[in-house]
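Here are the chains, one letter per residue:
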Number of protein chains: 2
Amino acid sequence: MADKNQELRDKGLRLTPQRQLVLEAVRSLGHATPEEVAEKVRATHPGINLSTVYRNLETLENVGLVQHTHLGHGGATYHAAEELTHLHLVCSKCGSVGDAPIETAAPFVNTLIDEYGFKTDVTHFAIYGTCANCTEKS
Amino acid sequence: MADKNQELRDKGLRLTPQRQLVLEAVRSLGHATPEEVAEKVRATHPGINLSTVYRNLETLENVGLVQHTHLGHGGATYHAAEELTHLHLVCSKCGSVGDAPIETAAPFVNTLIDEYGFKTDVTHFAIYGTCANCTEKS
DNA sequence: TTTTTTCTGCAAGTAATTTGCAACTCGCAA
DNA sequence: TTGCGAGTTGCAAATTACTTGCAGAAAAAA
Ligand SMILES: [Mn+2]
Ligand SMILES: [Mn+2]
Ligand SMILES: [Zn+2]
Ligand SMILES: [Zn+2]
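This text gives an overview of the structure that appears in the document. (Residues numbered from 1 in each chain as written. Chains lettered and ligands numbered in written order. Predicted model: local features only at pLDDT ≥ 70, side-chain atom pairs only at ≥ 80, totals over all residues. Heavy atoms only, no water.)

### Observations regarding the pattern of salt bridges
Between side chains of opposite charge, a pair can form as their charged atoms come close.
Piece 1. Scanning the entire structure with this criterion turns up 4 salt bridges over all chains.
Piece 2. With its nearest N and O atoms 3.7 Å apart, the salt bridge here joins A:Arg27 to A:Glu82. Here the residue A:Arg27 occupies a position in helix 2 (residues 17-29), and A:Glu82 occupies one in the loop between strand 2 (77-80) and strand 3 (86-91), the gap between them amounting to 55 residues.
Piece 3. One salt bridge in this structure joins B:Arg27 and B:Glu7, with 2.5 Å as the shortest N-O distance. (Salt bridge = Lys/Arg side-chain N within 4 Å of Asp/Glu carboxyl O. Helix = DSSP H or I, 4+ residues; strand = E, 2+ residues; numbered from the N terminus.)

Okay, here's the thing in structure tokens:
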């Protein structure tokens, strides 16, 4: 358990139960909005304030343990940083979120570097469109 | 001018000065937030309410005359539908918004169709990353 | 321990967008 | 032309998502 504590300490952060719970929640949820993180945390620790969740998500993002992405028109969702190894394919019709390996985007990313010197972060925004299922139905 | 009126009528919309002004503002501004659209409209017609602008942007989007995209972490920006002919390369460091032809993404889009049956709308979300300028400086 | 510093809960505050509603006006029909 | 009805507007209030100020609590340093 010293290891787990160390993880946050090494980043120069104070080890509070709230912070650990937020990090655990993000890790166990996959993608989650701040509200969902709060809900998860409160399942075991009801007292924790929503602003504490927001503040910790920001702090954890600053030290690189979590990251946010935009899957839809609204607010951000959070991931564990290690977990960002795929593209998000978001369907505008049904709202489903599919995954694809980041390598799928590699040629595109390379083209943008070569032609514009632009280094793309392909996971920050979702890939938006219509899924196979919804295309079929229409 | 009958033509211009017809354009909205053909979509089944009523022709109000507010609606025409919103559409013109979107067309002349390129990318614009609802607030910016309102500001533009008010330059000549001060009385127009912000909620009218929001409602008309939605209506115009429903009939396909305008579209929204997400360039940053926050709210949406609106374009004329005809004008969506480029990718947006948004720099996370300096906030600059560069353009690239949509064809740049064609191979990537095709890959997603072939492998996942997913039809990508590459303009809905910006391409996010670091521009050449900011990469140099660091 | 005691002290220092960071973090938390709570309440209040913003910013962006939406909604309810009564008054208006556009387009059609008489 | 005028009159009607559905669609539209302005305004105020509501909602949503997030942020901030602050005083007390709790980590970590001393
Ligand atoms: Mn959107
Ligand atoms: Mn973002
Ligand atoms: Zn779908
Ligand atoms: Zn830049």
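### Quick look at the coordination of the manganese ion (ligand 2)
Six octahedral donors around a metal ideally make angles of 90 or 180 degrees; four tetrahedral donors ideally make 109.5 degrees.
Piece 1. Each protein donor to the manganese ion (ligand 2) is listed here as A:His68 (NE2), A:His70 (NE2), A:His124 (NE2) and B:His73 (ND1); together their distances run 2.1 to 2.6 Å. Residue A:His124 is located in the loop between strand 5 (119-120) and strand 6 (127-130), and its partner B:His73 is located in the loop between strand 1 (66-69) and strand 2 (77-80); the two belong to separate chains.
Piece 2. A:His124 sits in the buried class, given a relative accessible area of 5%.
Piece 3. Looking at B:His73, the relative accessible area reads 40%, which means it is partly exposed. (Donors = N, O, S within 2.8 Å, 3.2 Å for Na, K, Ca; no water. Buried < 20%, exposed > 50% of the residue type's maximum accessible area, 1.4 Å probe, protein only.)

### Re the packing of helix 2 (residues 17-29) of chain B against helix 4 (residues 50-62) of chain B
Helix packing for two helices is described by the angle between their axes and how far apart those axes are.
All names here are of chain B.
Piece 1. Running from N to C, helix 2 and helix 4 cross one another at 75 degrees; their axes reach a closest spacing of 10 Å. With respect to each other, helix 2 and helix 4 are oriented roughly perpendicular. Facing Gln18, Arg19, Val22, Leu23 and Val26 of helix 2, the residues of helix 4 in contact are Thr52, Val53, Asn56, Leu57, Thr59 and Leu60.
Piece 2. For the contact of helix 2 with helix 4, the per-class residue count stands at 6 nonpolar, 4 polar and 1 charged. (Axes fitted to C-alpha atoms, helices over the stretch in contact; angles between N-to-C directions. Parallel < 35°, antiparallel > 145°, perpendicular 65-115°, else oblique. Contact = heavy atoms within 4.5 Å. Nonpolar A, V, L, I, M, F, W, Y, C, P; charged D, E, K, R; others polar.)

### Re the relation of the copies chain B and chain A
Piece 1. Aligned on chain A, chain B shows an RMSD of 0.2 Å; the corresponding rotation is 179 degrees and the shift along the axis is 0.0 Å. Expressed as a symmetry operation, the mapping of one chain copy onto the other fits a two-fold axis.
Piece 2. Looking at the interface residues of chain B, 100% of them are also at the interface in chain A, so both copies use one shared face. (Least-squares fit on C-alpha atoms with pLDDT ≥ 70 in both.)

### Some points on empty space enclosed by the protein
Piece 1. A complete count under the given rule lists 2 cavities of 30 Å³ or more for this structure.
Piece 2. Quantified by volume, the largest cavity comes out at close to 170 Å³.
Piece 3. Lining the largest cavity are 16 residues, and of these A:Ala126, A:Ile127, B:Phe125, B:Ala126 and B:Ile127 sit closest to its centre.
Piece 4. Contributing elements (two or more residues each) for the lining of the largest cavity: strand 6 of chain A together with strand 6 (127-130) of chain B.
Piece 5. Of the residues that constitute the lining of the largest cavity, the class distribution is 12 nonpolar, 2 polar and 2 charged.
Piece 6. Surrounding the second largest cavity, A:His70, A:Gly72, A:His73, A:Gly74, A:Phe125, B:His70, B:Gly72, B:His73, B:Gly74 and B:Phe125 form its lining.
Piece 7. By residue class, the composition of the lining of the second largest cavity is 2 nonpolar, 8 polar and no charged. (1 Å grid on protein atoms, 1.4 Å probe; cavity = no way out; pocket = protein on both sides within 12 Å on 5 of 7 lines; lining within 4 Å. Points joined across faces, edges and corners; volume = space filled by probe spheres on them.)

### Regarding the pairing of strand 3 of chain A
Residues and elements named next belong to chain A.
Piece 1. Taking burial as the measure, the 6 residues of strand 3 include 6 buried ones, the bulk of the element.
Piece 2. Here strand 3 pairs with strand 4 (residues 97-101) via 5 bridges, running antiparallel. Its bridge partner being in strand 4, Leu89 is matched across the sheet by Gly98.
Piece 3. Between strand 3 and strand 4, which pair antiparallel one after the other, the connecting turn spans 5 residues, and Gly95 there sits at a positive phi close to 80 degrees.
Piece 4. Pairing between strand 3 and strand 6: 3 bridges, direction parallel. Note on strand 6: the bridge partner recorded for Cys91 is Gly129. (Pairing = 2+ DSSP bridges.)

### A few points about the sheet that holds strand 4 (residues 97-101) of chain B
Piece 1. Spatial strand order, 5(A)-6(B)-3(B)-4(B): 4 strands in an open sheet with mixed pairing. Lying at the two open borders of the sheet, with one neighbouring strand each, are strand 5 of chain A together with strand 4 of chain B.

### Details of the coordination of the zinc ion (ligand 4)
Piece 1. Around the zinc ion (ligand 4), the protein supplies B:Cys91 (SG), B:Cys94 (SG), B:Cys131 (SG) and B:Cys134 (SG) as donor atoms, at distances of 2.2 to 2.3 Å.
Piece 2. Around the zinc ion (ligand 4) sit 4 donor atoms; with metal-centred angles ranging over 103 to 113 degrees, the donor geometry is tetrahedral. (Tetrahedral: all angles 85-135°; square planar, octahedral: opposite > 155°, others 65-115°.)

### A few points about the protein's contact with DNA strand C
Piece 1. Taken together, 20 residues surround DNA strand C, and among them A:Arg14, A:Thr16, A:Arg19, A:Thr52 and B:Tyr54 come closest.
Piece 2. The sugar-phosphate backbone supplies 68% of the atoms of DNA strand C found within 4 Å of the protein.
Piece 3. At 2.7 Å, a side-chain N or O of A:Thr16 approaches a phosphate oxygen of DNA strand C.
Piece 4. With respect to DNA strand C, the side chain of B:Tyr54 contributes an N or O atom lying 2.3 Å from a phosphate oxygen.
Piece 5. When residues of the surface near DNA strand C are traced back to their parent elements, those giving at least two are helix 2 and helix 4 (50-62) of chain A together with helix 4 of chain B.
Piece 6. Residue composition of the surface near DNA strand C, grouped by class: 5 nonpolar, 9 polar and 6 charged. (Near = heavy atom within 4 Å. Polar contact = N/O pair within 3.5 Å; in protein donor to acceptor, adjacent residues only side chain to side chain.)

### Structural notes on the nonpolar core
Piece 1. Counting residues in hydrophobic clusters, the biggest one holds 26 residues, and the most contacted among them are A:Leu87, A:Phe108, A:Ile127, B:Leu87, B:Phe108 and B:Ile127.
Piece 2. Within the residue set of this core, elements represented by two or more residues are strand 3 and helix 5 (106-116) of chain A together with strand 3 (86-91) and helix 5 (106-116) of chain B.
Piece 3. Those residues in contact with A:Phe108 that sit more than four places away from it in its chain are B:Leu87, B:Thr104, B:Ala105, B:Phe108 and B:Ile127.
Piece 4. Grouped together as the second largest cluster of nonpolar side chains are 20 residues, A:Leu8, A:Leu13, A:Leu57 and A:Leu65 included. (Core = buried A, V, L, I, M, F, W, Y, C linked by side-chain atoms within 4.5 Å.)

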